[in-house]
Amino acid sequence: MSLVWLALAAIAVWALVRLGRQTERPGRAHWRVAATLFAAVMTAGAVLLAVRGSWIAALALAGAGVWLSVVSRQRAVERRPEGMTLSEARSLLGVSADATPKEINTQWKRLMARAHPDQGGTEGLASRLNAARDRLLKD
């Protein structure tokens, strides 16, 4: 029984570390961690039920835990930046319609300082910022 509690504590520590490293919206990151913890508790409950001989309930609980783990790990597919319009590029970078190339690059550098994956941003956002800058400088 103490091994189950030790495993649950290890999963809780892992989930808290994972929460600290999230680069998603805060609400979504909290959902993933809560779902991971709940799935771990469901799996531990399934093990306890299996030890006591309730195989059908154990299988149902384990199946629900696995399903919750899989669902919580699925990420939304981001839009591809290839089809970005001029207005989308301007709004993403926060520049006006008559912005000069120097203003566009300055705003891009300011945003990339926060959105770069090495600075805690995501690759998707960094690629969208690059696509927006390229789109505005191309025209």
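So, how was this worked out
- Residues numbered from 1 in each chain as written.
- Predicted model: local features only at pLDDT ≥ 70, side-chain atom pairs only at ≥ 80, totals over all residues.
- Heavy atoms only, no water.
- Helix = DSSP H or I, 4+ residues; strand = E, 2+ residues; numbered from the N terminus.
- Buried < 20%, exposed > 50% of the residue type's maximum accessible area, 1.4 Å probe, protein only.
- Contact = heavy atoms within 4.5 Å.
- Areas by Shrake-Rupley, 256 points an atom, 1.4 Å probe, with all protein chains shown as cover.
- Core = buried A, V, L, I, M, F, W, Y, C linked by side-chain atoms within 4.5 Å.
- pLDDT = per-residue confidence, 0-100.
- Salt bridge = Lys/Arg side-chain N within 4 Å of Asp/Glu carboxyl O.
- Phe/Tyr/Trp six-rings, centres within 6.5 Å; stacked < 30°, edge-to-face > 60°.
- Lys NZ or Arg CZ within 6 Å of the ring centre and 35° of its normal.
- Expected span 1.5 Å × (residues − 1).
- Polar contact = N/O pair within 3.5 Å; in protein donor to acceptor, adjacent residues only side chain to side chain.

Undergrad: Go over the overall build of the chain, please, and point to the residues and values.
TA: A count of helical and extended segments in the chain gives six helices and zero strands. Relative to its 139 residues, the chain shows a buried fraction of 27%. Of the contacts formed within the chain by residues at least 6 apart in sequence, a portion of 56% connects residues at least 24 apart. Accessible surface, the chain: about 9,500 Å² in total, of which carbon and sulfur atoms supply 63%.

Undergrad: Let's hear about the nonpolar core: which residues, and what values?
TA: Here is a general trend for soluble globular proteins: nonpolar side chains tend to be buried in one another's company. Counting residues in each nonpolar core, the largest one holds 15 residues, and the members touching the most others are L93, V95, I104, L129 and L136. Listing elements by their share of this core, those giving two or more residues are α4 (86-93), α5 (101-115) and α6 (123-138). Setting aside anything within four residues of it in sequence, one finds I104 in contact with L93, V95, A99, R133, L136 and L137.

Undergrad: Quick rundown of the side chain of R133? Include the residues and the values.
TA: Considering the arrangement of structural elements, one finds R133 in helix α6. Setting aside its immediate chain neighbours within four residues, R133 contacts L93, I104, N105 and W108.

Undergrad: Any details on the confidence of the model for the chain? Residues and values, ideally.
TA: If pLDDT is low for a region, its predicted coordinates should not be looked at in detail. Predicted confidence across the chain gives a mean pLDDT of 79, with 78% of residues reaching 70 or more. When pLDDT is averaged over each helix and strand of the chain, the minimum, 68, is found for helix α1 (residues 2-20) and the maximum, 90, for α5.

Undergrad: Quick rundown of the pattern of salt bridges? Include the residues and the values.
TA: For the structure on display, the rule yields one salt bridge. Residues D134 and R133 are paired through a salt bridge, measuring 3.3 Å at the closest nitrogen-oxygen approach. The exposure class of D134 is partly exposed, given its relative accessible area of 43%. With relative accessibility at 18%, the residue R133 sits in the buried group.

Undergrad: An account of the environment of L49 is needed here, citing residue identities and associated values.
TA: Positionally, L49 belongs in helix α2 (residues 26-52). Overall, the relative accessible area of 28% leaves L49 in the partly exposed class. Beyond its immediate sequence surroundings of up to four residues, L49 is in contact with S54, A57, A58 and L61.

Undergrad: Please give an account of the packing of aromatic side chains that cites residues and values.
TA: Counted according to the given criterion, the structure contains zero aromatic pairs. Stacked on the ring of W108, the Lys or Arg R133 has its end atom at 4.0 Å from the ring centre.

Undergrad: I'd like a description of α6, backed by residues and values.
TA: For an α-helix, 3.6 residues make a turn, and residues three or four places apart therefore share a direction. Its 16 residues give α6 an end-to-end C-alpha distance of 22 Å, which sits within 8% of 22 Å, the value for a rise of 1.5 Å per residue. All of the buried residues in α6 are G124, A126, L129, A131, A132, R133 and L136. As for α6, its buried residues are in contact with α4 and α5.

Undergrad: Any chance you could break down the side chain of Q107 for me, citing the residues and the numbers?
TA: Relative to the helices and strands, Q107 resides in helix α5. A polar atom in the side chain of Q107 sits 2.9 Å from the backbone oxygen of L93. When neighbours within four sequence positions are excluded, Q107 is seen to be in contact with L93, G94 and V95.

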